[in-house]
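In case you want the letters, here they are:
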Amino acid sequence: MKSDPTTPRAWANTLVRMWGPRFPVDVQQIALEYSKRFEDPVRKIAEAPVPNFEGALAPLSKRGGWAILYNPNIRSAGRINYTLGHEWGHYLCHRHQAPAGFECGESDVLGGSRQQEREADLFASYLLMPLDDFRAQVGGQRMSLDLLKHCADRYDVSLTASALKWIESTPLCAAVVVATNGFVLWCRRSAAATRARIFFPSGMELPDGALAAARSSLVSQDDKDLPPGVWWSRPTREVVIFADHYEMTISLLMFEDLGVLPDGWENEDAEDVFDRFTR
Ligand SMILES: [Zn+2]
């Protein structure tokens with residue numbers, strides 16, 4: 001089928017156009033229906049309660065075709081939908097390169113560093129949270145935990161997934177920092193923050209005074225203005241998500257006195273931008 005899309009984002013946009021502006025996007029229905037046009041369709045989507053395993057794309061040896069599997073023990077419902085989107089992305093983009101399929105852990109599904117994992121992640125993000133609709137939800141509003149929750153509910157994704165979508169789409173200078181047990185696991189920056197060379201390396205200890213570092217004192221606050229010198233040499237607003245497991249924190253950092261990108265910055269090829277975020 002020579003007219004099939006060739007990139008994760010183009011695949012997602014094609015399916016979004018067919019599905020229409022209805023949210024949340026039903027990945028199960030799309031995967032089962034749309035893949036019928038291929039000779040090796042997705043024949044089933046099923047639970048597979050395997051430890052340390054979030055989702056998988058598995059070849060069906062007897063019948064041919066594929067199964068998408070997901071771990072039903074994933075605690076946040078929104079993460080199941082995102083995981084299904086990720087595996088459906090592997091199917092569309094990678095199955096011919098990987099006849100044995102994929103098994104994806106939590107770190108692959110969100111924030112993964114390998115090329116194919118990043119591509120599946122990008123696909124899931126654009127399928128479940130089309131950019132135009134996402135911008136219509138958040139455009140011009142002050143980012144807050146309530147706004148993130150609104151997005152997570154609308155798209156049936158996790159707060160982390162909606163935070164990463166925001167970072168990717170905002171012209172503001174901002175970063176998402178994911179930490180566990182007080183140390184940075186990884187960070188993702190907006191295009192403006194990348195230009196400003198703001199960066200929080202993996203392994204960095206959460207700074208004293210950071211909202212995310214205050215977990216042990218049972219803070220109820222989830223939004224705070226911090227002075228220069230806590231996170232960066234500029235005033236910083238931090239919105240924090242205290243995840244309910246793994247001692248994980250997700251900080252949205254906003255450097256509101258720094259530059260906003262001009263209109264049109266996003267017309268750069270999105271996958272190049274995505275690439276730069278992860279380097
Ligand atoms: Zn994967």
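Since the model is a prediction, treat every value here as computed from it, not as a measurement. (Residues numbered from 1 in each chain as written. Predicted model: local features only at pLDDT ≥ 70, side-chain atom pairs only at ≥ 80, totals over all residues.)

## Some points on the sheet that holds strand 7 (residues 223–226)
In any sheet, the strands associate via hydrogen bonds between backbone groups, in a parallel or an antiparallel arrangement.
Working step 1: A sheet is described by the order of its strands in space; here 5 strands give the open sequence 6-5-9-8-7, paired in antiparallel fashion. Edge positions in the sheet fall to strand 6 (183–189) and strand 7, since each of these pairs with one other strand and no more. Within this sheet the neighbouring strands show an average axis-to-axis angle of 25°, counted without direction.
Working step 2: Bridge count for strand 8 (residues 236–242) against strand 9 (residues 248–254) is 6 bridges, and the pairing is antiparallel. When the bridges of strand 9 are listed, E238 appears paired with L253.
Working step 3: Lying on the sheet, helix 8 (residues 159–169) is in contact with strand 5 (174–180), strand 6, strand 8 and strand 9; it crosses strand 5 at an angle near 150°. (Pairing = 2+ DSSP bridges. Helix = DSSP H or I, 4+ residues; strand = E, 2+ residues; numbered from the N terminus. Axes fitted to C-alpha atoms, helices over the stretch in contact; angles between N-to-C directions. Contact = placed C-beta atoms within 7 Å.)

## A short note on the packing of helix 7 (residues 145–155) against helix 8
Two numbers describe a pair of packed helices, the interaxial angle and the distance between the axes.
Working step 1: Two numbers describe how helix 7 lies on helix 8: the axes approach to 8 Å, and their chain directions differ by 110°. By the criterion of interaxial angle, the relationship of helix 7 to helix 8 is roughly perpendicular. Residues L148, K149, C151, A152 and Y155 of helix 7 touch helix 8, and the partners they reach there are L159, S162 and A163.
Working step 2: Each residue belonging to the contact of helix 7 with helix 8 can be placed in one class, and the counts come to 6 nonpolar, 1 polar and 1 charged. (Parallel < 35°, antiparallel > 145°, perpendicular 65-115°, else oblique. Nonpolar A, V, L, I, M, F, W, Y, C, P; charged D, E, K, R; others polar.)

## Side note on the nonpolar core
Working step 1: A175 and V176 are the most contacted members of the largest nonpolar core, which has 72 residues in total.
Working step 2: When residues are assigned to domains, this core turns out to be shared by domain 1 (8–128) and domain 2 (133–278), each giving three or more.
Working step 3: When neighbours within four sequence positions are excluded, V176 is seen to be in contact with A163, L164, I167, C187, R188, I250 and L252. (Core = buried A, V, L, I, M, F, W, Y, C linked by C-beta atoms within 7 Å. Buried ≥ 20, exposed ≤ 12 C-beta atoms within 10 Å, placed from the backbone. Domains from an automatic or database assignment.)

## Regarding the confidence of the model for the protein
Working step 1: Summarising the model, the protein shows a mean pLDDT of 87, and 87% of its residues fall at 70 or more.
Working step 2: Across residues 269–279, confidence stays below pLDDT 50; counting only partners more than four residues off in sequence or on other chains, it has 14 contacts. (pLDDT = per-residue confidence, 0-100.)

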